[in-house]
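Structural features, examined
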Amino acid sequence: MARPPLLVIGRYPDWDLQPMRQDFDVTQLAGPEEIAGLDAGLRGVVRAIAYRSQRRLGGAEMDLLQGLGLVAKFGVGFEAIDVAAARARGVRVTNTPDVLSDDVADLAVAMLIAQARRMLPATRYLRAGRWAKEGPVPLAGTVSGRRVGIVGLGRIGRAIADRLTAFKMEIHYHSRAPKPVPEDWRFHDDPVSLAAAVDFLVVAIVGGSETEGYVSAQALSALGSEGIVVNISRGSTIDEAAMLDALEAGRLGGAALDVFRGEPEIDPRFLKLENVLALPHIGSATVSTRQAMGALQRANIAAFHEGRAVLTPVV
Ligand code: 8YV
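Residues numbered from 1 in each chain as written. Predicted model: local features only at pLDDT ≥ 70, side-chain atom pairs only at ≥ 80, totals over all residues. Heavy atoms only, no water.

1. Considering the pattern of salt bridges
Scanning all chains against the criterion turns up 18 salt bridges. Where Asp16 meets Arg298, a salt bridge forms, and the shortest distance between an N and an O atom there is 2.8 Å. Taken as a pair, Asp16 in helix α1 (residues 14-23) and Arg298 in helix α12 (residues 287-305) lie far apart in primary sequence, 282 residues in all. Take Asp16: its relative accessible area is 1%, and that puts it in the buried class. Assessed through its relative accessible area of 22%, Arg298 is described here as partly exposed. Connected through salt bridges with shared partners, the residues Asp102, Asp106 and Arg163 form a single ionic network. (Salt bridge = Lys/Arg side-chain N within 4 Å of Asp/Glu carboxyl O. Helix = DSSP H or I, 4+ residues; strand = E, 2+ residues; numbered from the N terminus. Buried < 20%, exposed > 50% of the residue type's maximum accessible area, 1.4 Å probe, protein only.)

2. Details of the nonpolar core
Ranked by internal contacts, the top residues of the largest apolar core, which has 47 residues, are Val148, Ile150, Ile160 and Leu164. Looking at this core, the element that brings in the most residues is helix α5 (residues 101-116), giving nine residues. Three or more residues apiece are contributed to this core by two domains, here domain 1 (5-97 + 288-305) and domain 2 (101-278). Setting aside chain neighbours within four positions, we find Ile160 in contact with Ala105, Ala108, Ile150, Val202, Ala204 and Ile232. In terms of nonpolar packing, the next biggest core, distinct from the first, is built from 26 residues, Val151, Leu201, Ala246 and Leu257 among them. (Core = buried A, V, L, I, M, F, W, Y, C linked by side-chain atoms within 4.5 Å. Domains from an automatic or database assignment. Contact = heavy atoms within 4.5 Å.)

3. Quick look at the sheet that holds strand β5 (residues 92-94)
Here we have five strands laid out as an open sheet, ordered β2-β1-β3-β4-β5, and parallel in their pairing. Only two strands of the sheet have a single neighbouring strand rather than two, namely β2 (25-29) and β5. Across the sheet, the axes of successive neighbouring strands diverge by a mean angle of 20 degrees, strand direction being ignored. Sheet analysis places strand β4 (residues 70-73) next to β5, joined by three bridges and oriented parallel. Looking at the pairing, Leu70 lines up with Arg92 of β5. Each of β1 (5-10), β2 and β3 (48-52) is contacted by α1, which is oriented at about 135 degrees to β2, the strand it contacts most. Docked against the sheet, α12 engages β1, β3, β4 and β5, running at close to 165 degrees with respect to β3. (Pairing = 2+ DSSP bridges. Axes fitted to C-alpha atoms, helices over the stretch in contact; angles between N-to-C directions.)

4. Quick word on the domain arrangement of the chain
Taken as a whole, the chain is organised into domain 1 (5-97 + 288-305) and domain 2 (101-278). Each of domain 1 and domain 2 was reduced to a C-alpha centroid, and the two centroids are 33 Å apart. With six residues of domain 1 in contact, the opposing surface of domain 2 contributes seven residues. Counting each side, the surface lost to burial between domain 1 and domain 2 is near 500 Å², with a carbon and sulfur contribution of 47%. Between the two partners, domain 1 and domain 2, sit one salt bridge. Here Glu79 and Arg234 are joined by a salt bridge, their closest N and O atoms 2.6 Å apart. Seen at the junction of domain 1 and domain 2, the total is two residue pairs in polar contact (both at pLDDT 80 or more). Of the residues that constitute the side of domain 1 that touches domain 2, the class distribution is two nonpolar, three polar and one charged. (Buried area = accessible area lost by both parts, 1.4 Å probe. Polar contact = N/O pair within 3.5 Å; in protein donor to acceptor, adjacent residues only side chain to side chain. Nonpolar A, V, L, I, M, F, W, Y, C, P; charged D, E, K, R; others polar.)

5. Describing the packing of aromatic side chains
As enumerated under the stated definition, the model contains three aromatic pairs in all. Between Tyr12 and Phe74, the ring centres sit 5.8 Å apart and the planes meet at 90 degrees, which makes this aromatic pair edge-to-face. Of this pair, Tyr12 sits in the loop between β1 and α1 while Phe74 sits in the loop between β4 and α4 (83-88), and the two are 62 residues apart along the sequence. Judged by its relative accessible area of 5%, Phe74 falls in the buried class. Arranged with centres 5.1 Å apart and planes meeting at 75 degrees, the rings of Phe260 and Phe270 form a pair that is edge-to-face. (Phe/Tyr/Trp six-rings, centres within 6.5 Å; stacked < 30°, edge-to-face > 60°.)

6. Some thoughts on helix α8 (residues 155-165)
Every buried residue of α8 is accounted for by Ile156, Gly157, Ala159, Ile160, Ala161 and Leu164. Of the surrounding elements, those touching the buried residues of α8 are α5, β6 (147-151), β7 (170-174) and β9 (200-203).

Below is the structure:
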């Protein structure tokens, strides 16, 4: 039997491409803007897209594929896909939640501790030979027992909070509504009052237009000159210009950031700041998690083609 066509958009390692090629007749594109250049015959028969691009997939692109029924996103975040346009066209959208939560939460905790304890400046000091010449590094801040605020207590936010309870931290959070949590966790109904109540602010909300600049200049100012912000969500969720101004002026203590606006091109101002720990979006970047994400994406595509319910729908 002929293998059904599959449009694969974005870069994938061989461990994903091989199984996709085994089950499907794969056409690979670098980005959604290349869909228009595909042969009209192929555009008529493609039913599913394996999507791994940060570029926008909107209604106009979906309309170029008359038989489209599924966009299976690699990654938990799906803000690159116009889900309203998909819904209006009866196109399902799936993502890859849960399988990455532990890795992302581990990284958030590592970033928080690294930044509070000033591990990066300390290792730079050591490597520059300054320890022997100048003596010990300046003292840093404590983590255990202090107050942390989680913006967005979804799967990842919850995994981060659970880990931080082991550090005897006081847990505060903000989400659309209070969640079933241990009774000593404190809910805040806006991000500014959350930031004002804590020493560390960890941003774990979804990206997209609804959360654009959600952590505002006011929230950063409420966090203050001793406060540290950690972002493992999307660069868009923080008012980045206000954060840079505050970091440069010492009005914000520090930032540990895995995500940036316009990444991988990041604002060069970040690179000059000693109080910034910057990482190249590595939250889910481990072999086992990336393999699990690929497997879940393929399981969604297989279910769709076999007429079964998709596993992890967002639409
Ligand atoms: C990945 C992510 O970097 O899941 C997400 O939404 O941001 C990350 O896990 C990305 O999806 C890899 O393509």
